[in-house]
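# Architecture and fold: a report
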Amino acid sequence: MSRDGQSFQLPRKSSLVEDLFTTQEMRDDAKLERIQVIPLAELHPFQNHPFKVKHDAELEKLTESIRAVGTITPVLARPRDDGGYELISGHRRLAACQALGLETMPVVVKEMSDDEAVIAMVDANMQRETILPSEKAFAYKMKLEALNHQGIACGQVGHKSRDSISDDESGRQVQRYIRLTNLIPELLELVDSGKIAFNPAVELSYLNKQEQRALLSAMEIQDCTPSHAQAIRLKKLSQEGALDATQIQTIMTEGKPNQQEQYKFKREDIRKYFPKSYSDQQVYEAVFKALELLKRQRERNRDGR
């Protein structure tokens, strides 16, 4: 081009502008997910991961699937500052690959902040078919804390509503689950096993640690668990500062209207008669079906006499 008979060129972007564009592109690229094949030894469990990897029928089924067709769905991980990768989701797939003796597996690697990683970990694992109350309790607590951190970082006043924690449960129910994290491990294990119901467990979470241990001792002596009404009384006495070991023993010795003598069997004594693929519900149904057949056989024998 020419102007007044002299040629000229359009000015180039300044190096500063170029640097800004290059830096932004690098940041964008770092945010992109990329699939890599990574040695299992470089994959580390998520810190304080609340979801247990149970060696049950579901894990066995997953292991057989990976044995047959490989790991079709990659796990999700983020790079660690000190090397290797922190697993966000896919702990069961990792366990299955380890059981099969595999050396590598496909991994979606993504840069995430601590809070982003917690939220992604909780949301991914909440899709499991079976979740223990303790797993849900600690997962909700971790996600709430992460959302609170994000709220503070964004300059928001106060914390995120508990209604934003779960798509399936109300904020009030989420809060009740989080209360379970105040239980001592022994009581929380009884909640997971179904020996203490959810509603009484929430009330018991208001007892201090010493009171909870005294309650556990009374439960072992009396071989019973508190009803919802008893748990409410224990909570009220605790809040009034009037709860002691004697009060706990007195309440736990009271008979409950719906309390009946129960037959107790060890789980492993029953499971050995059924295929490993059977769920607990299938075992339960099969036992009662067998008892019904036994009853009919006895009736036929009696009528044939």
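Before reading further, recall that the structure is shown in the block above.
A brief structural summary. (Residues numbered from 1 in each chain as written. Predicted model: local features only at pLDDT ≥ 70, side-chain atom pairs only at ≥ 80, totals over all residues. Heavy atoms only, no water.)

### Some remarks on unusual backbone geometry
Condition: Labels follow the DSSP assignment, with helices taken as runs of H or I lasting at least four residues and strands as runs of E lasting at least two, numbered in each case from the N terminus. Using a 1.4 Å probe on the protein chains alone, a residue whose accessible area is under 20% of its type maximum counts as buried, one over 50% counts as exposed, and one in between counts as partly exposed.
Even without being a glycine, Asn 48 presents a positive backbone phi close to 60°. With respect to the helices and strands, Asn 48 occurs in the loop between strand S4 (43-44) and helix H2 (57-69). Among the residues examined, Asn 48 registers a relative accessible area of 60% and is labelled exposed. Although it is not a glycine, Asp 223 adopts a positive phi angle of roughly 55°. Along the chain, Asp 223 falls in the loop between helix H9 (209-222) and helix H10 (228-239). Overall, the relative accessible area of 52% leaves Asp 223 in the exposed class.

### A look at the packing of H10 against helix H11 (residues 245-253)
For clarity, the cut-off: With axes taken as lines fitted to C-alpha atoms, and helix axes fitted only over the stretch in contact, angles between N-to-C directions fall between 0 and 180 degrees. Under this scheme an angle from 65 to 115 degrees is roughly perpendicular, one under 35 degrees roughly parallel, and one over 145 degrees roughly antiparallel; angles in between are oblique. Note: crossing handedness is left-handed where the near helix turns anticlockwise from the far helix by less than a right angle, and right-handed where it turns clockwise. Contacts are assigned to residue pairs that have any heavy atoms within 4.5 Å of one another. Residue type decides the class: Asp, Glu, Lys and Arg count as charged, Ala, Val, Leu, Ile, Met, Phe, Trp, Tyr, Cys and Pro as nonpolar, and the leftover types, Gly among them, as polar.
Across the interface, H10 lies against H11 with an axial gap of 11 Å and an inter-helix angle of 165°. With respect to H11, the element H10 is oriented roughly antiparallel. As H10 runs across H11, the sense of the crossing is right-handed. Residues Gln 230, Arg 233, Leu 234 and Leu 237 of H10 touch H11, and the partners they reach there are Gln 247, Ile 248 and Ile 251. Grouping the constituent residues of the contact of H10 with H11 by class yields four nonpolar, two polar and one charged.

### Focus on the pattern of salt bridges
So the rule is basically this: By definition, a salt bridge exists where a carboxyl oxygen of Asp or Glu is found within 4 Å of a side-chain nitrogen of Lys or Arg.
If you walk through the whole model with that rule in mind, you get 13 salt bridges. Its salt-bridge partner being Arg 67, residue Glu 64 comes within 3.2 Å of it at the nearest N-O pair. Of this pair, Glu 64 and Arg 67 both sit in helix H2, three residues apart, which is roughly one turn of that helix. On the accessibility criterion, Arg 67 (53% relative accessible area) is exposed. Of the charged contacts, one joins Lys 143 and Asp 123 as a salt bridge, the two residues approaching to 2.6 Å between their closest N and O atoms. Placement of Lys 143 in helix H5 (residues 133-153) and of Asp 123 in helix H4 (residues 114-125) is noted, with a sequence separation of 20 residues between them.

### Regarding the side chain of Arg 78
What counts, and what does not: Polar contact criterion, stated in full: a pair of N or O atoms within 3.5 Å, where within protein one must be able to donate a hydrogen and the other to accept it, and residues adjacent in sequence count only if both atoms are side-chain atoms.
Within the element layout of this structure, Arg 78 appears in strand S5 (residues 75-79). By relative accessible area, which is 11% here, Arg 78 ends up buried. Polar contacts involving the side chain of Arg 78 include one to the main-chain carbonyl oxygen of Met 112, which spans 2.9 Å. In this structure the side chain of Arg 78 is engaged in a polar contact, spanning 3.4 Å, whose partner is the backbone oxygen of Ser 113.

### Some details on the environment of Tyr 278
Mapped onto the fold, Tyr 278 is located in the loop between helix H12 (267-271) and helix H13 (280-303). For the pair Tyr 278 and Ala 57, spaced 221 residues apart in sequence, the C-alpha separation works out to 7.0 Å. With sequence-adjacent residues up to four places away left out, Tyr 278 is seen in contact with Arg 271 and Val 283.

### Here we look at the side chain of Glu 211
For the record, the criterion: Counted as positive: Lys and Arg. Counted as negative: Asp and Glu. His and the chain ends are not counted at all.
Relative to the elements of secondary structure, Glu 211 occurs in helix H9. With no salt bridge to any partner, buried Glu 211 finds its closest opposite charge in Arg 179, at an N-O distance of 9.9 Å. Each residue touching Glu 211, except ones within four places of it in the same chain, is listed here: Ser 238, Leu 243 and Ile 248.

### Concerning the nonpolar core
The test is simple: Think of a nonpolar core as a cluster: buried Ala, Val, Leu, Ile, Met, Phe, Trp, Tyr and Cys residues, connected wherever their side-chain atoms sit within 4.5 Å.
By size, the foremost hydrophobic cluster in this structure holds 47 residues, and its most contacted members are Leu 180, Leu 183, Leu 187, Ile 196, Leu 215 and Leu 234. Residue assignment for this core shows that the elements contributing at least two residues are H4, H5, helix H6 (171-179), helix H7 (185-192), helix H8 (198-204), H9, H10 and H11. When residues no more than four places from it in sequence are discounted, the contact partners of Leu 234 are Leu 204, Leu 207, Leu 215, Leu 243, Ile 248 and Ile 251. One finds Ile 38, Leu 43, Leu 59 and Ala 96 within the second-largest nonpolar core, a separate group that totals 15 residues.

### Points about the packing of H7 against H9
Direction vectors running N to C along H7 and H9 enclose 55°, while the axes themselves pass 9 Å from each other. Comparing their axes, H9 and H7 come out oblique. Here H7 contributes Glu 186, Leu 187 and Leu 190 to the contact with H9, which in turn contributes Gln 212, Arg 213, Leu 216 and Met 219. Its residues assigned to classes, the contact of H7 with H9 shows four nonpolar, one polar and two charged.

### Let's talk about the environment of Asp 167
Within the element layout of this structure, Asp 167 appears in the loop between H5 and H6. A relative accessible area of 83% places Asp 167 in the exposed class.

### Brief notes about the pairing of strand S6 (residues 85-89)
Residues in a regular strand point their side chains to alternate faces of the sheet. Convention followed: Strand pairing follows a simple DSSP-based rule, namely that at least 2 bridges must link the two strands.
The buried count for S6 comes to five of five residues, which makes it a mostly enclosed element. Pairing of S4 with S6, which is carried by two bridges, proceeds in the parallel orientation. Looking at S6, one finds that Leu 43 is bridged to Tyr 85. Relative to S6, S5 is paired through four bridges, and the arrangement is antiparallel. Looking across to S6, one finds that Arg 78 is bridged to Glu 86.

Keep in mind these values describe shape, not function.
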